[in-house]
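Remarks on the overall topology
Chain residues, written in single-letter form:
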Amino acid sequence: MSSSDMLSNLGPMLLSGQIEVVDCTGILGPNTPILQLPPDFAKNTPKVEIHKISEYDEDGPFFAWNWMVLGEHTGTHFDAPHHWITGKDFEDGYTDTLAVQRLVAPVNVIDCSKSAKSDPDFLLTADHVKSWEQEHGSINKGEWVVMRTDWDNRAHDQDLFLNTDENGPHSPGPTVDCLEYLLSKDIVGWGSQCIGTDAGQAGGMDPPFPAHNLLHKNNCFGLASLANLDKLPAKGAILIAAPLKIEKGTGSPIRALALVQK
Ligand code: 23J
Ligand code: MN
């Protein structure tokens, strides 16, 4: 197929449902789980608020609209490099300066759902990724890599989602060596189904919060609170993960969409 045929086939395949659009996004609203920083940080990102301006009433007789309170790092969202690394105020550091060409890319879905079910602190290692590649094929330059844990099953309940006890939050994530391996492959970014890109216990790793630290140091992106990864194949889907063009934004809620061949 010539490259011009590829795009002329994409339209009909989308319209006929031969390519399905899978929504990898959670609901954004007052019940969306919110990251709770340790008490030594005075400020937290707020819960979502949706305020009615009008709904076919005296404030707007023929229209309905709302305004919102919404943090950048809320719900299914995107982490830009400046979120963690200063000096990234060039190229792809902010939501309004990144290269959108990078955001639409093949996605590798690493299924860790069984491990995460038996151990909420499960960590994906470089060795796990290498054996996944033996089975499914290699992870390539420019691709997304996402960790399927089915954590979206907990997203209706913030306590279940954050899974915090006296030792802090417990949720799965990547090890330092996993991230170093993926970055050696020049991926575009890493995604998680949990509240952030790092494991719940990642504050104790070296460096602390290695997904944030290492991804963003390398101009790569993070995706958090992804949903419905159980609907994606290990390889072959295209993920579209685009942040709002917030001026000097450090992140943004997204509507994450995956194109899946039926
Ligand atoms: C701010 C501070 C720490 C963390 C985070 C945000 C996130 O996980 C995030 O949403 O990027 S760990
Ligand atoms: Mn974030």
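Just so we're clear, the structure is a prediction, and the values are computed from it rather than from any experiment. (Residues numbered from 1 in each chain as written. Chains lettered and ligands numbered in written order. Predicted model: local features only at pLDDT ≥ 70, side-chain atom pairs only at ≥ 80, totals over all residues. Heavy atoms only, no water.)

With that settled, consider the overall build of the protein chain. Helix and strand counts for the protein chain stand at six helices and 15 strands. Projected onto its principal axes, the C-alpha coordinates of the protein chain cover approximately 65 × 55 × 40 Å. Burial status across the protein chain gives 46% buried among its 262 residues. Contacts in the protein chain between residues at least 24 apart in sequence constitute 72% of all its contacts with a sequence separation of at least 6. Summed over all atoms, the accessible surface of the protein chain reaches about 13600 Å², with 55% contributed by carbon and sulfur. Computed over 19 positive and 35 negative side-chain charges, the inter-centroid distance for the protein chain is 4 Å. (Helix = DSSP H or I, 4+ residues; strand = E, 2+ residues; numbered from the N terminus. Buried < 20%, exposed > 50% of the residue type's maximum accessible area, 1.4 Å probe, protein only. Contact = heavy atoms within 4.5 Å. Areas by Shrake-Rupley, 256 points an atom, 1.4 Å probe, with all protein chains shown as cover. Lys, Arg positive; Asp, Glu negative; His and termini not counted. Charge placed at Lys NZ, Arg CZ, Asp CG, Glu CD.)

Right, let's get into the site of ligand 1. Close to ligand 1 lie Leu35, Leu37, His73, His77, Asp79, His83, Trp84, Gly196 and His212. With respect to ligand 1, the side chain of His73 contributes an N or O atom lying 3.3 Å from an oxygen atom. His212 is positioned with one of its side-chain polar atoms (N or O) 3.0 Å from an oxygen atom of ligand 1. Classifying every residue of the shell around ligand 1 gives three nonpolar, five polar and one charged. (Near = heavy atom within 4 Å. Polar contact = N/O pair within 3.5 Å; in protein donor to acceptor, adjacent residues only side chain to side chain. Nonpolar A, V, L, I, M, F, W, Y, C, P; charged D, E, K, R; others polar.)

With that settled, consider the sheet that holds strand 11 (residues 189–191). As summarised here, the arrangement of the nine strands in space is 1-15-13-5-7-11-12-4-14, forming an open sheet in which the pairing is mixed. Pairing within the sheet leaves two strands with one partner each, and these edge strands are strand 1 (19–23) and strand 14 (251–253). Across the sheet, the mean angle separating the axes of adjacent strands is 25° when strand polarity is ignored. Across five bridges, strand 1 lies against strand 15 (residues 257–261) in antiparallel orientation. Of the residues in strand 15, the one forming a bridge with Val22 is Ala258. (Pairing = 2+ DSSP bridges. Axes fitted to C-alpha atoms, helices over the stretch in contact; angles between N-to-C directions.)

Summarising the element assignment, Glu133 is placed in helix 3 (residues 126–136). For Glu133, the residues in contact, after removing those within four places along its chain, are Ser138, Ile139, Tyr181 and Lys185.

For the rest of this paragraph, the subject is helix 5 (residues 176–184). Within helix 5, the full set of buried residues consists of Val176, Cys178, Leu179, Tyr181, Leu182 and Leu183. As for helix 5, its buried residues are in contact with strand 6 (123–124), helix 3, strand 7 (144–148), strand 10 (173–174), strand 11 and helix 6 (210–217).

Attention now moves to the coordination of the manganese ion (ligand 2). Coordination of the manganese ion (ligand 2) by the protein is provided by His73 (ND1), His77 (NE2) and Asp79 (OD), with metal-donor distances spanning 2.0 to 2.2 Å. Considered as a linear motif, the donors of the manganese ion (ligand 2) on their single chain read H-x3-H-x1-D. Across the pair, His77 and His73 agree in class, each one buried. (Donors = N, O, S within 2.8 Å, 3.2 Å for Na, K, Ca; no water.)

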